[in-house]
Each structure stands twice: as C-alpha cells, then as structure tokens.
Amino acid sequence: MKVLHTTPFKIAVCLKEVLDARLPLKVEAKTGAIQQDAPEPVVTLNPADRSALEFAMQLREQSPGSRVEVFSVSDVAGQAALWYGLARGADDAERIEGSGKGAPYTAALLATRFHKETFDLICCGDETLDNSSALVGPLLAEILDLPQVTGVVRIVECSKSSILVERGLERGSRELVEMDLPGLITLKAESVPWRYVSYQKLEEAQLRNIPVRRETLPTSSNGLPKWPEQATPTAPRARVKKSFTPDSKMSPADRVRMIMAGGAAPQESKSKSSVVEGDAEYVSEQLYRFLKHHEFV
Amino acid sequence: MNSLPVSPSPAPPLVLVFAETLWGKLERLSFELLADARKLAASVKGRVEVVLFTTQEQRASLLEELLAHVREPIHLVEHENFAEYSTESYTSGLVQLLQVLQPNLLFLGATTYGRDFAPRVAARLGYAYFPHCLLSKTATGGKLDITRVTHGGRVHIQTNWPLAAPAILTMKAGVADAPAAEKTPPNPQVTSHALKIAAGKVRLKKRIPPDPRTLDIRQAEKLVSGGRGVGNKENFAVLRALADALGASLAASRAAVDLGWVEYERQVGQTGKTVTPRLYLAAGISGASHHLMGMRDAGKIVVVNTDRQAPIFSVAHFGVLGDLHAVLPRLTERIQADKKKATPATSK
C-alpha cells in the first residue's frame, strides 16, 4: 500500500466477536442454540474484521497522527473483540449497546454513532464467520449516505481525498476502483496478512475500561430492510443427490470399489459416460469433440 | 411512489430474477436462479419475470444470450451508467423498477455485486432481505419456507415468511442446475423501462481478469489435474501446456504433491482442497476415495488413464483409456490449431 501526502486519517473499524465456525458446531434440537462441541465456546475476532483492523493499523503507521477507533455492537461478554483491537494498537475502543437483534439493527446502531462523529474511512469485515449476511457494511453506508466498496482484497493507494482498492469478483476476477473519502470499505478475510499481538499487550488491553454507549434507534424502522425475528436454526441435513442399492450380482471386489469411489453409483455413471480406447490420434480427437460439445474449447 | 407491500389482489405472485452481468457478459448463476424461480413459481401458481440492466452497445448481445434460456417476460433497463457496475446506479435502477413491478420475491446472485447493492435496495424499499439462501419452498397458508446458510455452511436457518411481504433472496452459485437452452427460440415479451439512473460515486480504473496460472484452484472454472501416473516433475509440462491451451489451472493429487512435483496449494482431495470446476480433467490419477471426495461434484469429469480398473472411471463423464503422454500433447495441438483458425476469422 502506498500512502500519498501523509495526512492524518481518522479511521473507524467495526469489529465482532464470533463463535469460531471453523470448528465443529452442533445445533441443539430443542432450543435451536448453536453450540460448539467443547466445554467452553471457542470465540474469535471475525477473520474479515481482523483484515479491516490490520489495514487500519497499517494505514496509521504510514501516516503519522492518524487515529484508529474500534467499535463493536455487543454485550459485555462479547467485548474481547475490542480488547484485541486495543492490543493491536487502536487508539480507542467503544462498545455499543442497544435493543434489537440482527444485522440491520447492528448497522443502525453503528450509524447513529457515526452520525455524531465523522470518520474519513470506515472499515468493516466483508462478512462474518457466524451469520454471514454481509449486510452491516452496505447498510451502514446506505444509512450514512456514503460511497462503498465491498469485497476489497487489496489496498493499492491512499490519499486524503480518495482511496484506490482492488475488489474481488467472481472466479478470481478483480477490479481496481477509486473511491472518494469519506467512504466505507469492507475487506475480505485473508486479504491483509495479520500480525500477532503479544500476550502482554492483550493483558494490558483487558485492564482498560471500555466505555459503553447506549444508542436508541428511531422508532420507525424506515430505511431498514425487514429482518425475520422468528428463525429456527437447524443442523444441515445431507442432501441426497441420488441413492442406489448395490447390485447383488456384483462381485464383492466391485462393491468395495464402489464404496471406495465415495458412493458413486457405477451402474448409472457407466451408462452415462463413455470410455474410448484406441490409438492416440483417435482418442484425442474424441476427447477434443467431447470438450467442444460442452463448450470448454 | 411509496413502497407499500403488495395488496392481496387476485394477481398471481410475481417472482423476479435479476440477470447479473459481469463485464458485459451474463453470469451463469442467473440461469440457476431462473431454474429455482421457476420451481417456486410453479408451486405457488405464480409467474416469473427477468430483469436485465444493460447499455445500448451491449443490449443486443446480452438479449441474445438471455433469450437462449428465457421464455419469461424480460424487463430491460438501458442506460449509459450501466457500462460498469456501481452501487449507486444499480441501486437506483432496481429500486425504481421494483416500485413499478411490485414483485413478491426477487432472486439475486450472492455475488460481490449482488451483495454490494441488494442490501441497499432492501433498505430503501423496506423489503425483507435473506442473504445466502439455499432454497425456498412453499409452506402452508401462503408462507414460504426459506433456508439460509450460516456459520460457514454448518448451520441452516429456517424462516417462515409470508409471500405477501416482498423479499429479496440472494443465492450462491451451484444451488440449482441451470435450465437447458430452449430448443425453439422463445419470443418473450421484452419491456423497456426508461428510468433515471444515478451516476456511480466509485470510479472503475481497471478490470483485472484472473490468470489461470496463479488462480486459487477453488475458483478455477477448468482444472487439469495430474497424479502419480504423470511419472516425474518434468512431465507436468505436458499438463501445463494443455492447461494453458484450455485456459485452465493446474491441480494435482496428493501423490504428485507428496513427491514434490506440484506445490501443495494445488492439491485436490481430503487433505487438500475441495473443488467444483465446470471441467475437471484427471490424467494419471487412479482416484483414491480421498481424491474423489475433493472433486466428484465437478461439472464434467474427464479421465485419461491406462488402467481400466482405476476407480476414477466410476465418476467420469468421459474416459480415455490411454497413455496421457501420447494423448494430451495431441489434444493440446488440436486446441491450438483450432484457436489459430478462429483468430483470423474474428479479426475480419
């Protein structure tokens, strides 16, 4: 990242502490509670948020005098994300409390906070590991009437008035775009390499008193999408694509082979697929025709 | 115009599909959404219509591409601000169009663009927003059963949502199969809407197409994969040449990676990556179950192997019983010759 005209930035980073969904999870059938198969829940700072934090810290490093503030909408138990932010070097942290649950409320609460104080740049994670709605960033920008770039994978250049970033698109395509500041970006997880935080810094951060701000939302929910209150989490059921009964005429060796093939039903795929053999010239021509037929060449 | 929910009128429910374009080309995902929308509309006795944003230059080619699959009415918004994607232009266009059409549901791809502007549309209209859905079924009493995927696919969240309250659903690629192309060219009604489209605030500087050679194999559309049967590290040049000709990325089985022939990032299987490309060409891979687990959901699987008993043939759509060192270079030549023929024709 290149920083032009090193002018101080004021950066806000939105963080969330999440249940680490990369570990095994189970859904309590009766209550619908999502739990980890462990005595204590394993929580972590949302990976995409960590990219956002890391980027903000690097920007501050390169433009002296900048300030980074971290925010989190959470209850007391969820403030470890802010501790992490402080330990990584954020100048200030603030916990926001409010009524309502779900991504739109989170965005609305953050927006009421940012209405009171303007930041040059707001950085969010692209999506969370738990709820994965990817909603807070765009909604926040919508309420604050800011330009936005979501799905950022690389920051190329930063100046006081604009930021040049690469956004990741489908199947590895990318786009280089320029956005005027103030604005909002959401970063993808793994887009900025993380640095480790020392245990000592983390302990120091935990001793700091994190201020709490209670925000109240305007009573009308205008300007917010509707968010279903009634939702039942379930464990995903394996979707059966095709089921088969082993052919009793098959030899045990064939059956074993079928199991080794991961349950693929050979009777069916054999009838569908064709195996060609012969001299290389002939088979490569057949292969080419197959690829051509399915528009791969 | 305000955004009141659709009044319970006798009109059949309307399911809209947003046909997304990326750099002037239709996304395949749009057709998958169409398949899902048709299924849902059939169960609620509703109708499906398609929305397309385009510019004057791209209109003809995009419509042609769309008409190969679509027999439903198409709503077209043509504006110069759609030459490139921007949050503001797409949001303003879709908001106005939805106010006119008053759909019950809108299906959108959970792509970077879709997830960028759809939340803003939902916010402006007060629609419900269901990100990353798996499928929606009709439940009793005019309600939909909507399943959303969260926690990295480990949890499904089900919601009962009234069909009368408009909602936007986004879906990822691979949820449904795209419908086959129409045999007789359908001639659906195409309605043009003249709307005031906001200009984008974010400026596009450069489009960066993916380089198959450096692409993450999980994102690749086509993969050429090699295993122990390739023989040695140098022989992978044969596969690389084919991959380059096909515009594919190189992958490998664990055997080839463990032998140090290919880097670990390119390993497919249980201890590597799970891939779902449209084309998976496996050469010299016998197909241990650990490997098959990582690739059996690929669109078309092509196998080149000398052993007819190799388990990989059980998942193949097209198999070649032969030596990859003889077959693949010929295939590469054939593709290159075809490209050379095609180049002068297109330059005319």
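What counts, and at which threshold
- Residues numbered from 1 in each chain as written.
- Chains lettered and ligands numbered in written order.
- Predicted model: local features only at pLDDT ≥ 70, side-chain atom pairs only at ≥ 80, totals over all residues.
- Heavy atoms only, no water.
- Pairing = 2+ DSSP bridges.
- Helix = DSSP H or I, 4+ residues; strand = E, 2+ residues; numbered from the N terminus.
- Axes fitted to C-alpha atoms, helices over the stretch in contact; angles between N-to-C directions.
- Buried < 20%, exposed > 50% of the residue type's maximum accessible area, 1.4 Å probe, protein only.
- Contact = heavy atoms within 4.5 Å.
- Phe/Tyr/Trp six-rings, centres within 6.5 Å; stacked < 30°, edge-to-face > 60°.
- Lys NZ or Arg CZ within 6 Å of the ring centre and 35° of its normal.

Okay, the sheet that holds strand β6 (residues 105-109) of chain B next. The sheet built from ten strands is open, its strands ordered β15(A)-β9(B)-β8(B)-β7(B)-β10(B)-β6(B)-β1(B)-β4(B)-β5(B)-β11(B) with mixed pairing. The sheet is open, and its two borders are formed by β15 (231-234) of chain A together with β11 (190-193) of chain B, each paired with just one other strand. When strand polarity is set aside, the average angle formed by the axes of neighbouring strands in this sheet is 35 degrees. For β6 of chain B and strand β10 (residues 167-171) of chain B, the ladder comprises five bridges, and the chain directions are parallel. Residue Phe107 of chain B lies in a different strand from β10 of chain B, and its bridge partner there is Leu169 of chain B.

On to the pairing of strand β1 (residues 14-19) of chain B, then. All names here are of chain B. Burial analysis of β1 places six of its six residues in the buried class, the great majority of the element. Of the two faces of β1, the one lined by Leu14, Leu16 and Phe18 and the one lined by Val15, Val17 and Ala19 are each fully buried. For β1 and strand β4 (residues 47-54), the ladder comprises six bridges, and the chain directions are parallel. Within the sheet, the bridge partner assigned to Val17 lies in β4 and is Val50.

The next thing to look at is the sheet that holds strand β16 (residues 274-277) of chain A. The strand order across the open sheet built from six strands is β16(A)-β17(B)-β16(B)-β15(B)-β13(B)-β14(B), with neighbouring strands paired in parallel fashion. At either end of the open sheet lies a strand with only one pairing partner, and these are β16 of chain A together with β14 (249-252) of chain B. Averaged over all adjacent pairs, the angle separating strand axes in this sheet is 20 degrees, with direction ignored. Packing against the sheet, helix α5 (residues 236-246) of chain B makes contact with β13 (222-226), β14 and β15 (279-283) of chain B, and its axis sits at approximately 170 degrees to β13 of chain B.

Our focus in this paragraph is the packing of aromatic side chains. Taken as a whole, this structure holds 16 aromatic pairs over all chains when the rule is applied. On the basis of an interplanar angle of 80 degrees and a centroid distance of 5.4 Å, the ring pair of Phe82 of chain B and Tyr90 of chain B is categorised as edge-to-face. For Tyr90 of chain B, a relative accessible area of 3% corresponds to the buried category. Aromatic side chains Tyr85 of chain B and Phe117 of chain B sit 6.1 Å apart centroid to centroid with 55 degrees between the ring planes, which places their arrangement in the tilted category. With Tyr85 of chain B in the loop between β5 (74-78) and α3 (87-101) and Phe117 of chain B in helix α4 (residues 112-125), this pair connects stretches of sequence that are 32 residues apart. For Tyr85 of chain B, a relative accessible area of 8% gives the class buried. Through a chain of ring-to-ring contacts, the aromatic side chains of Phe18, Phe53, Phe82, Tyr85, Tyr90, Tyr113 and Phe117 of chain B assemble into a single cluster. The ring of Tyr84 of chain A carries the charged tip of Arg50 of chain A above its face, separated from the ring centre by 4.8 Å.

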